[in-house]
Amino acid sequence: MAAEGDVELELETEPNGSGGVGGEGAGGRAAEKPRKHDSGAADLERVTDYAEEKEIQSSNLETAMSVIGDRRSREQKAKQEREKELAKVTIKKEDLELIMTEMEISRAAAERSLREHMGNVVEALVTLTN
């Protein structure tokens, strides 16, 4: 019976690569894993400590928010001016219906395409097909 127990020990330790040394190989590996885990946790602690120590100054935040607000307002103005220019473009009802039926798109999409191409049906169709 003791011989069978020895065989089982050898089979269990061989896949781990200990080569017949039962308790020490498994114990040594178990000791290495927590150490690796602890070093990773320590690295994570250092990173989070650094991030927590940094403070955001309110003046920097206000400056950034004003820059973002200014940029948004400029983009909105440019968009409104573009829409006004497109609204001034005259388009023919026949051209609009042609694009709607040929391309099978909504009236709004066909009208937008025609207005962007200054009423030129050929350019609008070419753009819509590409």
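As the structure is a computational prediction, the values presented were derived from the model and not from experiment.

Caption draft 1: Main features of the overall build of the protein chain. A tally of regular secondary structure across the protein chain gives 6 helices and 0 strands. In the protein chain, the order of α-helices and β-strands from amino to carboxyl end is α-α-α-α-α-α. Classification of the 130 residues of the protein chain by burial places 12% in the buried group. Restricting to contacts in the protein chain with at least 6 residues of sequence separation, those with at least 24 account for 38%. When the accessible area of the protein chain is evaluated, it comes to approximately 11000 Å², of which 53% is carbon and sulfur surface.

Caption draft 2: Structural view of unusual backbone geometry. The residue E104 is not glycine, and still its phi comes out positive at about 55°. Looking at where E104 falls in the secondary structure, it is placed in the loop between α4 (93–103) and α5 (107–116). Positive phi, close to 55°, is recorded for M118, a residue that is not glycine. By the secondary structure assignment, M118 is in the loop between α5 and α6 (121–129). We classify M118 as exposed; its relative accessible area is 58%.

Caption draft 3: A look at the side chain of H117. Here H117 is to be found in the loop between α5 and α6. Taking relative accessible area as the criterion, H117 reaches 16% and is therefore assigned buried. Residue contacts for H117: discarding those within four places in its chain leaves E123, A124 and T127.

Caption draft 4: Seen up close, α4. All of the buried residues in α4 are D95, L96 and I99. The buried residues of α4 all sit within an arc of 100° when viewed along its axis, so they share a single face. Counted as exposed and oriented over 90 degrees from the buried face of α4: K93, E94 and T101. Packing partners of the buried residues in α4 comprise α5 and α6. In the segment just after α4, E104 is the residue with positive phi, at about 55°.

Caption draft 5: Structural detail: the nonpolar core. With 6 residues, the main nonpolar core is built from L96, I99, A110, L114, V121 and A124. Of all the elements in the fold, those that place two or more residues in this core are α4, α5 and α6. Each residue touching L96, except ones within four places of it in the same chain, is listed here: R107, A110, E111 and L114.

About the criteria used
- Residues numbered from 1 in each chain as written.
- Predicted model: local features only at pLDDT ≥ 70, side-chain atom pairs only at ≥ 80, totals over all residues.
- Heavy atoms only, no water.
- Helix = DSSP H or I, 4+ residues; strand = E, 2+ residues; numbered from the N terminus.
- Buried < 20%, exposed > 50% of the residue type's maximum accessible area, 1.4 Å probe, protein only.
- Contact = heavy atoms within 4.5 Å.
- Areas by Shrake-Rupley, 256 points an atom, 1.4 Å probe, with all protein chains shown as cover.
- Arc of directions from axis to C-beta.
- Core = buried A, V, L, I, M, F, W, Y, C linked by side-chain atoms within 4.5 Å.

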